[in-house]
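Structure at a glance
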Amino acid sequence: MASAVLLEGITKRFPGVIANDGVNLDVAEGEIHAICGENGAGKSTLMKILYGMQPADEGRMVVNGQEVKFSSPKEAIALGIGMVHQHFMLADNLSVLENVILGAEPAKNGIIDFPEARRHIIELGEDYGLKVGTRDLVESLEVGERQRIEIIKVLFRGAKILILDEPTAVLVPQEVEELFRNMRELKANGHTIIFIDHKLDEVLEIADTITVIRAGKTIDTVKPEDVTARDLAELMVGSELPVPETRESTVTDHVVIEAVDAAADDDAGSPKLRAVSMKVHKGEILGIAGVEGNGQAEFVEALMGMRPLTSGSISLEGVRMKGWGTRQRREAGIGYIPEDRTRRGLLAGFPLWENAMLGQQSMEPYVRNGFWIQREAARSHTGKIVEQFDVRTPSVDVAAHALSGGNQQKLIVGREMSAELVALIAAHPTRGIDVGAQAAVWEELRQARATGLAVILISADLEELIGLSDRLVVMLRGDIVAELDPTKVTPRDLGSYMTGASTQGGES
Amino acid sequence: MGKKLFYVLAAPLVAVGVALFISSIVLLFAGANPLSAYQNMWEFGTRLETLIETLNRATPLYLSGIAVAIGFRMNLFNIGIEGQYVLAAIIAAKVGAEINLPPILHVTVIIVVAMIVGAFWSGLAGFLKVTRNVHEVISTIMLNAIAVSGIVSYLLSIWDVPDASLDTALKEIPESGWMPSLNGFVEIFTRDIKRVELWGFILVAAAVGVAYHVLINRTRVGYDLRASGENAPAAEASGTDPKKMIMAAMLLGGAVAGLVGLPELLGDAHEYNLRFTRGLGFAGIAVALLGRNHAVGIAIGAFVFGWLDRASGVLEVRGDAPREIVAIMQGVIILAAVIAYAVVERKRREDEAAAAAAATAQVLAERQAAKEQGGAS
Amino acid sequence: MRKQLWLFSVVLAFALIAAACGGDSDDDTTTTTAAAGDSTETTAAATETTAATETTAVPAVDTNVGLVYDIGGRGDQSFNDSAAAGLDKATAELGITPSEASANNDGSNREELLNLQADESDLVFGIGFLFGDPMLAAATASPDVNFGIVDGFIEGAPENVAMLLFAEEQGSFLVGVAAAMKSEAGHVGFIGGVNMELIQKFEAGFVAGVHAVDDAIVIDRQYITEPPDFDGFNDPASGKVIAQSMFEGGADVVYHAAGGSGNGLFQAAKEYSDANGTKVWAIGVDSDQYLTAGDDVKDYILTSMLKRVDVSVYNTIKEQADGMFAGGVKIFDLSVDGVGYSVTGGFIDDIVADLDDWKAKIVSGEVVVPSTP
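Quantities reported herein were computed from a predicted structural model and do not represent experimental measurements.

So, on to the overall build of chain C. Looking only at helices and strands, chain C has 12 helices and 12 strands in total. Expressed as a percentage of contacts within chain C between residues at least 6 apart in sequence, the contacts between residues at least 24 apart total 70%.

Structure, rendered in structure tokens:
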């Protein structure tokens, strides 16, 4: 089959570093081609070169059999290349229709031809199963819908080759399935898709061909049927991979966190958490499994003092925390890795050292007497976190938004773990980070447990949950519906408890 | 370092350049000679007396800018500085006129009263936001109207001291409540100053600037405030109570706002009368924008605006141009500055991201190299 | 936040620029006709530029006159313009060299501008009572320069300050008489711009004049704003609303002392008359507003209370040019035609005799007009 895109010896240097070092890529027409690699391996740079956002220093690009050199995305678009960025570029207060045509307005007699545009969009939607309401305001849409609009935008401009930059990073599992359906539909219609991903099970499911990039070099191009996820991961990292397994038990019978019939409402005031009771012991990792939206988030917020309990209680070391604010809880030794790091975990425009003190801004060594910020001490402490947790950054004065997602997450994990904790709440601690960083986080959680922390782990990654937890509970509709032994449960079993297909009473 | 300096200076310099350019065009259109206008303005503006006038003008602008910036830092649009300072000034003027205390104490009492009144009035908007979720822009606009057209009018009518002049004025503050002029100090370094006095309140304003900078950057309270402004949910997760922060920002901003009218009151007028300068609260918004909420930036912004205002008097007198040209310049400076800031900020972010990506790639490359070497040996 | 800030700054910037453009309308200089009995037509056409070139061409040592307007400056169709007319007349007739400046938008640089003018002038004017304290300071600092303040009484003023005061209550008394005589409903009104001492003088005189004719006449009185809010002088919309309510309440003659807000009164008078088929009247203030207010409404302007700021400025300049300047208080009242009423339009021709009668009584002291309501 002919190549839609052929890259040969692409090299891109930034001051002091080579981002792409003679990368080769051969994408056949009409295939779904995955590009895998750790954060910082050079995937995004490569795609930016292909899309004309950055020029390559060396190398040859051939698109549809024709050698090209792009100086701007416009030229790439003209050749039928479209890119869906990881962060959507939509105007919230415009309608879907307006967003799609923005910058490529079909005009009749100098007037925007809205009926024609609407017809075209609906047609595209029908052809590829991309259902959207053209009149909806973008701000009212879910993430998955926004992504569909980005894809339609690209198709509207006539793209035959689509670049999707980590399209699944922002999606929940159901939305991922929907996306994959759309991608297959596009492929069936003759489109070529290049997509960047580091969730290996997804890559294996959807890709026809996989190219692995490591440290700016092409490592291998493989077919999914020839490799396992472990093989792929090892190709990406270049070494043997750790597994999320907790070895010897360090569980004690000292209860650190105890919830008794804890109940809470969501923001709209409807009950979201109903009479949850659980105990977490010193040296124990308690995994909470559950489909998102079944009360886990509310439970965590209640634990952290950000959401009032409507009844019941939560205690720390035997003391009821009623009336404690978040700061008091943190000062008492509860660490918190939030599930959404950009929303709850980071101050994007602040330097790393000011992000490191977030949550500990009332504690040593960041402040003296709980008031005066110790800039030097804070910087050097942050430096230690950066080193210990392998946060890759030029300095601790860089703003957090400059770091890749994985490095941001490592900083968050590092700062929480470097505090003096008795308990740690880790909500999706490895979401959206690459396998290397993932392994590092697992190792930290394991060590935390070994040093006697009580850890609550919430994750959508069932292998992670099963591998790390000493004990598992399943939450469904605000209740704990099952308590399971992770050594005896498979992801499949867990899944059926999470959806309510199995119940503990029925099985045991 | 050079780059850092570039990020800081590029935007304001571009803004002033663009403003000069556009003003020149406007002047040409108005049939004036821009060069002679600028030359007159420069000559007049660099006289010692004009510079002192400029500082007197910049002092309240600076305080107003700081008051606005405290809110901005926390993502609050406290546009109620106007009402806060006018109300604070008239009450402080009344209290100051009615009491008799030793000099330093007298001035201190007036300052404290003004800060309390300002904080109270601003705190009302904070209270409404915290308890009733009323947007502070709405509430402060209303509170401005209530303060200026309602309360201050009423207080003026009941506190007016009748005399032969047509002016409406409160009783004068006794001399112990005046802020001494700094002319004597300045004259040590320069020459005799004619006719104008450098208001002593500039020292208080400088102290407020230092306190603002230290509080915002060097204390936990300031950190909490900035964190709440940058990302409220994250700040909340870190243990910062968003409601407390709103109240803190409004109270602090209001307290500083309360000072805005005092340089004039204690340095020159010594009584509240119809001449009392209004509109400084809104000017402060422009100054805070220009100064990017930074203590030194706001000082520069206040000085630039103050200088344009004071040095421009000569334009009309010499028949160069109508003084409205200055308002155009101020407007263009803000517009150009905001655009230039946005461009520079984007550039800075891109550079930072590139540097971080480079660092990451570097580590990966080193690791790779180490591995290859290890494999080879 | 970022987006909001952006929008905000753009709006702010445009507001500043718009404010600048709004205030810059100095070329529609208005002409005021003389008070009754004074037939001199002021030639107020802008001879500024020619005068300037003339003086640069003729280096004769003459009189330099610096004039500082209050907020609004030349072109406010009111008080400042009246002073400008006096300056223009002096420039044309006496060959003085004029220099003008206007206080900035918040009025905080009055003293600076007086000082600046004092550096380069022999005579410096401040237009408006708000120049009081600044002029005291400036005049004390520059004892060799003469100063004039319109409307200002300065306690302890030095000898180089001439305080030009007007008996607004006397002129208002006469238009009050006219209102009472022309009112068929026995119901008149007064609209003040800002409720302060100066405007209360207008109110007091008007009320006294109305009641001098007929004690039973009802008088509605309302101010647009209270100090420190000075918007009442430039708020035609509010002026109109208040006037409408007065007309609807039965008043058929309404007098205003509200500067630019008076245009609202004129509009209201026209609209009410058109809608109801009965003619109601407005009375203008400061200058002859029949000539300045616009063709569509001038037929509803019964008369105007004239306050001859232009005369006071011109006379003071003339004294200076003649070497006769004298400081102290100068009252411009009916006896010197410093205040008066206009007859343009001919609507009060039938009662001029009565008005002159009252005028004579006031001048002779037989009638004393109160200056506070």
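Read on, since the account is not over.
A few words on the arrangement of the chains. Contacts between protein chains span two pairs of chains, and they are most numerous for chains B and C. At the level of C-alpha atoms, the two units chain A and chain C stay apart, their nearest approach being 12 Å.

Let us now look at the pairing of strand 9 (residues 281-286) of chain C. Residues and elements named next belong to chain C. Burial within strand 9 is extensive, with six of its six residues counted as buried. In the classification by handedness, the crossover that spans strand 8 (residues 253-257), the intervening helix 9 (residues 262-276) and the parallel strand 9 is right-handed. Relative to strand 10 (residues 301-307), strand 9 runs parallel, the two being bridged by five bridges. Its bridge partner lying in strand 10, Val-285 is registered against Met-305.

The next point concerns the domain arrangement of chain C. How big an interface is tends to be expressed through the accessible area that disappears when the partners come together. Segmentation of chain C into domains returns domain 1 (39-166 + 310-321 + 324-332) and domain 2 (168-307 + 343-364). Looking at side-chain class alone, the side of domain 1 of chain C that touches domain 2 of chain C contains three nonpolar, three polar and two charged residues.

Further remarks concern the environment of B:Tyr341. All names here are of chain B. Locating Tyr-341 in the fold gives a position in helix 16 (residues 324-376). The class of Tyr-341 is buried, set by 22 C-beta atoms lying within 10 Å. Spatially, the C-alpha atom of Tyr-341 lies 9.8 Å from that of Leu-9, the residues being 332 residues apart in sequence. Excluding residues that lie within four positions of it along the chain, Tyr-341 makes contacts with Ala-11 and Arg-292.

What follows concerns the pairing of strand 3 (residues 123-127) of chain C. When a strand is regular, its side chains alternate between the sheet's two faces. Residues and elements named next belong to chain C. Among the five residues in strand 3, five count as buried, and that is most of the element. Because side chains alternate across strand 3, one face comprises the buried residues Leu-123, Phe-125 and Ile-127, and the other comprises Val-124 and Gly-126, equally buried. Where strand 1 (residues 64-69) lies against strand 3, four bridges are found, and the strand directions are parallel. Note on strand 3: the bridge partner recorded for Val-68 is Gly-126. A crossover links strand 3 with its parallel partner strand 4 (residues 146-150), the connecting element being helix 5 (residues 132-141), and its sense is right-handed.

In this section: the confidence of the model for chain C. Residue and element names in this part refer to chain C. Of the residues in chain C, 84% reach a pLDDT of 70 or more, and the chain-wide mean stands at 85. The low-confidence segment residues 22-61 (pLDDT under 50) makes 65 contacts with residues lying over four places distant or belonging to another chain. The ipTM value of the predicted complex is 0.87, and its pTM value is 0.80.

A separate point is the nonpolar core. Side chains of nonpolar character tend, in soluble globular proteins, to be buried together. The biggest cluster of nonpolar side chains holds 225 residues, and the ones touching the most others in it are B:Ala89 and C:Ala83. The residue makeup of this core includes at least three contributed by each of domain 1 (39-166 + 310-321 + 324-332) and domain 2 (168-307 + 343-364) of chain C. Those residues within four positions of C:Ala83 in sequence are excluded, and the remaining contacts are C:Leu67, C:Tyr69, C:Phe125, C:Ile127, C:Val150, C:Val309, C:Asp310 and C:Val313. In this structure, A:Met83, A:Val100, A:Ala262 and A:Leu453 belong to the second largest nonpolar core, which totals 162 residues.

This paragraph deals with the interface of chain A and chain B. On the side of chain B, 32 residues touch chain A, which itself brings 49 residues to the contact. For the side of chain A that touches chain B, the elements supplying multiple residues, two or more each, are strand 2 (17-28), helix 10 (326-331), helix 11 (341-345) and strand 20 (372-373) of chain A. For the side of chain A that touches chain B, the per-class residue count stands at 25 nonpolar, 18 polar and six charged.

As a further point, take the sheet that holds strand 6 (residues 187-194) of chain C. Residue and element names in this part refer to chain C. Ordered in space as 7-6-8-9-10-12, the six strands form an open sheet in which the pairing is mixed. Edge positions in the sheet fall to strand 7 (218-225) and strand 12 (339-341), since each has one partner strand and no second. Each adjacent strand pair in this sheet contributes to an overall mean axis angle of 15 degrees, direction not counted.

Right, let's get into helix 14 (residues 405-417) of chain A. Three or four residues apart is the spacing at which side chains of an α-helix point the same way, because the helix has 3.6 residues per turn. Residues and elements named next belong to chain A. With 13 residues, helix 14 should reach 18 Å at 1.5 Å per residue; the first-to-last C-alpha distance of 18 Å fits that figure. For helix 14, the tally of buried residues reaches 12 of 13 residues, placing the bulk of the element in the interior. The complete set of buried residues in helix 14 reads Gly-406, Asn-407, Gln-408, Gln-409, Lys-410, Leu-411, Ile-412, Val-413, Gly-414, Arg-415, Glu-416 and Met-417.

This paragraph deals with the packing of helix 4 (residues 114-128) of chain A against helix 5 (residues 143-156) of chain A. Geometrically, a packed helix pair is captured by the angle between its two axes and the distance between the axes. All names here are of chain A. The N-to-C vectors of helix 4 and helix 5 enclose an angle of 115 degrees; their axes lie 10 Å apart at closest approach. The orientation of helix 4 with respect to helix 5, classified from their angle, is roughly perpendicular. Considering the relative orientation of helix 4 and helix 5, their crossing is right-handed. Residues His-120, Ile-121, Leu-124 and Gly-125 of helix 4 pack against Ile-152, Leu-155 and Phe-156 of helix 5. Taken together, the residues of the contact of helix 4 with helix 5 sort by class into five nonpolar, two polar and no charged.

What counts, and at which threshold
- Position numbers for residues count from 1 along each chain, tracking the sequence in the order it is written.
- For this description, chains carry letters from A and ligands carry numbers from 1, given in the order in which they are written.
- With the structure being a predicted model, the display of local features is reserved for residues of pLDDT at least 70 and the display and counting of side-chain atom pairs for 80 or more, all residues being used for whole-chain, interface and lining totals.
- By the criteria applied, helices consist of DSSP H or I runs no shorter than four residues and strands consist of E runs no shorter than two, each listed in order from the N terminus.
- For every residue pair, C-beta atoms are placed from the backbone, and the pair is scored as a contact if these atoms sit within 7 Å.
- Buried residues are those with 20 or more other C-beta atoms within 10 Å of their own C-beta, exposed residues have 12 or fewer, and partly exposed residues lie in between; C-beta atoms are placed from the backbone.
- Crossovers are described as right-handed under a simple rule: with the strands pointing away from the observer, the path leading from the first strand over the helix to the second runs clockwise.
- Two strands pair under a simple rule: DSSP has to find at least two bridges between them.
- For the purposes of this description, domain bounds are those given by an automatic or database domain assignment.
- Side-chain classes follow a simple rule in which Ala, Val, Leu, Ile, Met, Phe, Trp, Tyr, Cys and Pro form the nonpolar group, Asp, Glu, Lys and Arg form the charged group, and the remainder, Gly included, forms the polar group.
- Across the chain, each position has a pLDDT score giving the predictor's confidence in that residue, from 0 to 100.
- Only buried residues count toward a nonpolar core: Ala, Val, Leu, Ile, Met, Phe, Trp, Tyr and Cys, linked into one set through C-beta atoms within 7 Å.
- Where helices are involved, their axes are fitted lines through C-alpha atoms of the stretch in contact, as for all axes, and angles between N-to-C directions lie from 0 to 180°.
- Here, expected helix span is obtained from the residue count minus one, scaled by 1.5 Å.
- Between 65 and 115 degrees an angle is taken as roughly perpendicular, under 35 as roughly parallel, over 145 as roughly antiparallel, and anywhere else as oblique.
- Two helices cross in a left-handed way if the nearer one is turned anticlockwise from the farther one by less than a right angle. They cross in a right-handed way if the turn is clockwise.

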